[in-house]
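What the coordinates show
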Amino acid sequence: MPDGNEPVAIKVLGSIGEISAEAWDACAGAGNPFTSHGFLAAVEDSGSAAAETGWEPRHLCLEDKSGVLIGAVPMYLKGHSYGEYVFDWGWGDAYERAGGHYYPKLQAAIPFTPVTGPRLLVRDTVAPEMRHAVIKTLTAGLIEVAKRLDVSSVHVTFPTEDQWQGLGAEGFLQREGKQFFWHNPGYDGFDDFLASLASRKRKMIRRERRDALASGIRIETLNGCDIKPRHWDNFFEFYLNTTNRKWGHPYLNRDFFDRLGQTMADKVVLVMAERDGEPIAGALNLMGDDALYGRNWGCIEYHPFLHFEVCYYRAMDFAIERGLKRVEAGAGGRHKIQRGYVPAATYSAHWIRDPGFRQAVEQFLDEERRQIEFERLALGQRTPFRKDGPGQAGEDVDEF
């Protein structure tokens with residue numbers, strides 16, 4: 001391992017396939033499924049994240065003098081801002097109108113995945129006292145690659161808070177956002193969770209769960225070898241139907257789901273609903289060491305409260321059963337708060353090459369940060385938990 005003085009080599013890879021899964025995962029760790037070699041290979045090898053779709057791999061790798069990978073950053077050269085969930089369309093438009101070229105840019109991120117996790121990956125065998133040096137070298141590498149590629153900016157999206165703070169110390173502009181997480185302090189069952197809620201909210205959720213199944217709907221939660229090709233066929237149909245109706249363009253293709261099932265089935269939690277024996281809806285989750293991450297939902301029939309049951313309540317059931325500490329239900333959705341999902345901060349960090357443009361973005365972020373913090377605090381007062389609940393402060397208010 002390096003002592004801080006020996007030479008290191010920084011490489012930029014054009015595909016996750018250019019490095020072994022063993023070497024990459026020794027840096028990524030096992031806690032977060034999205035930073036794994038298997039997930040990145042699924043999005044890249046399927047063609048979902050490729051130069052043709054505006055996600056050209058440019059993974060940063062740091063090797064010691066023996067050629068051992070000691071650090072890495074999943075990174076892509078982007079020709080647009082789709083699939084990122086940290087919106088910078090306004091920045092790009094302003095810079096283009098001012099005569100600059102915002103695209104291409106570098107995105108240190110997991111494609112199509114607004115899930116917090118490490119972005120500056122450090123090999124697990126690096127000594128604790130050297131980890132900071134490796135992270136600083138990776139950070140400097142991001143800036144150097146941006147300069148050599150002559151791009152406008154580098155964006156690190158959904159890093160952990162400590163990495164976000166470190167990037168800020170190195171001159172990256174800091175941005176905050178919010179999502180809604182459900183926390184499991186050690187519930188024995190769903191009824192244990194309900195007991196922590198205000199009476200009216202408890203009744204609301206019980207009614208929703210009952211009404212979601214009122215049309216003879218049956219729901220099953222699948223994991224690992226229980227997931228068969230027919231389940232992926234059905235889920236992809238749901239996914240296409242919903243993305244075409246809502247956003248107009250699906251990011252993920254059918255091959256991605258096959259590859260995910262082949263290489264990461266033990267991490268996949270698929271909740272499927274059927275009526276009269278016919279599949280009608282489903283939700284895709286991935287499981288980490290201590291969390292369940294909700295990713296995609298789709299349906300071909302509308303039924304009241306079915307979305308809440310499949311995406312939120314069944315995820316809670318699974319987390320309680322497996323002893324997971326939280327459920328991260330993805331981007332957006334204030335309706336989640338009345339179902340026990342509380343506001344949580346998310347982060348991104350941005351290196352802007354042009355000094356004038358950087359100053360304009362920094363001013364925007366100062367104003368946005370105050371607004372985000374005010375909104376997060378206000379939403380935190382609208383949780384459904386009893387006022388006398390342990391560690392909970394909320395009001396028994398109507399759903400908004």
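This one's a predicted model, so the numbers in the text were calculated from it and none came from an experiment.

Analysis parameters
- Residues numbered from 1 in each chain as written.
- Predicted model: local features only at pLDDT ≥ 70, side-chain atom pairs only at ≥ 80, totals over all residues.
- Heavy atoms only, no water.
- Pairing = 2+ DSSP bridges.
- Helix = DSSP H or I, 4+ residues; strand = E, 2+ residues; numbered from the N terminus.
- Axes fitted to C-alpha atoms, helices over the stretch in contact; angles between N-to-C directions.
- Expected span 1.5 Å × (residues − 1).
- Buried < 20%, exposed > 50% of the residue type's maximum accessible area, 1.4 Å probe, protein only.
- Arc of directions from axis to C-beta.
- Contact = heavy atoms within 4.5 Å.
- Polar contact = N/O pair within 3.5 Å; in protein donor to acceptor, adjacent residues only side chain to side chain.
- Phe/Tyr/Trp six-rings, centres within 6.5 Å; stacked < 30°, edge-to-face > 60°.
- Lys NZ or Arg CZ within 6 Å of the ring centre and 35° of its normal.
- Parallel < 35°, antiparallel > 145°, perpendicular 65-115°, else oblique.
- Left-handed = near helix turned anticlockwise from the far one by under 90°.
- Nonpolar A, V, L, I, M, F, W, Y, C, P; charged D, E, K, R; others polar.

**A short note on the sheet that holds strand β10 (residues 217–223)**
- With mixed pairing, the eleven strands of this open sheet are ordered in space as β2-β5-β6-β8-β15-β9-β14-β13-β12-β11-β10. Among the strands making up the open sheet, the edge pair consists of β2 (55–57) and β10. Put simply, the sheet's adjacent strands are angled 30 degrees from each other on average, direction ignored.
- Note that strand β6 (residues 105–108) and strand β8 (residues 153–157) share three bridges and pair parallel. Following the sheet pairing, L106 is matched in β8 by V154.

**A few points about helix α7 (residues 199–212)**
- Between its first and last C-alpha, α7 extends 20 Å over 14 residues, near the 20 Å set by a 1.5 Å rise per residue.
- Listed as buried for α7 are K201, R202, M204, I205, E208, R209 and A212. Taken down its axis, α7 places every buried residue within 160 degrees of arc, on the same side. Among the exposed residues of α7, those pointing more than 90 degrees away from its buried face are K203 and R210.
- Against α6 (190–194), β10 and α10 (306–322) lie the buried residues of α7.

**Thoughts on the side chain of Q163**
- Turning to its location among the elements, Q163 is positioned in helix α5 (residues 161–169).
- One polar contact links the side chain of Q163 to the main-chain carbonyl oxygen of L120, over a distance of 2.9 Å.
- Discounting chain neighbours no more than four positions away, the residues touching Q163 are P118, R119 and L120.

**Observations regarding the sheet that holds strand β3 (residues 59–63)**
- If you trace the four strands from one edge of the open sheet to the other, you get β1-β3-β4-β7, paired in antiparallel fashion. Single-partner strands in this sheet number two, and they are β1 (9–13) and β7 (121–122).
- The pairing of β1 with β3 spans five bridges and is classified as antiparallel. Bridge pairing links K11 to C61 in β3.
- Against the sheet, helix α4 (residues 128–149) contacts β1, β3, β4 (69–73) and β7, and its axis sits at roughly 135 degrees relative to β3.

**Things to note about the packing of aromatic side chains**
- A complete count under the given rule lists 28 aromatic pairs for this structure.
- Measuring from ring centre to ring centre gives 6.2 Å for W91 and F364, while their planes differ by 80 degrees; the resulting arrangement is edge-to-face. Highlighted residues: W91 in helix α3 (residues 89–97) and F364 in helix α11 (residues 355–380), separated in sequence by 273 residues.
- Looking at F364, the relative accessible area reads 35%, which means it is partly exposed.
- In this structure an aromatic cluster arises from ring pairing among F34, F39, W232, F235, F236, Y239, F256, F257 and Y293.
- The ring of W55 has K78 sitting right over it, with the charged end atom 3.9 Å from the ring centre.

**As for the packing of helix α2 (residues 37–45) against helix α9 (residues 254–263)**
- Contact pair α2 / α9: the axes reach a minimum separation of 8 Å and the direction vectors enclose 155 degrees. In terms of orientation, α2 and α9 fall into the roughly antiparallel class. Here α2 and α9 pass one another in a crossing that is right-handed. Each of G38, F39, A42, V43 and D45 in α2 lies in contact with α9, whose residues at this interface are D255, F256, R259, L260 and T263.
- A breakdown of the residues in the contact of α2 with α9 according to their chemical character gives five nonpolar, two polar and three charged.

**Section: the side chain of T35**
- With respect to the secondary-structure elements, T35 resides in the loop between α1 (21–28) and α2.
- By relative accessible area, T35 is classed as buried at 0%.
- A polar atom in the side chain of T35 sits 3.2 Å from the backbone oxygen of N32.

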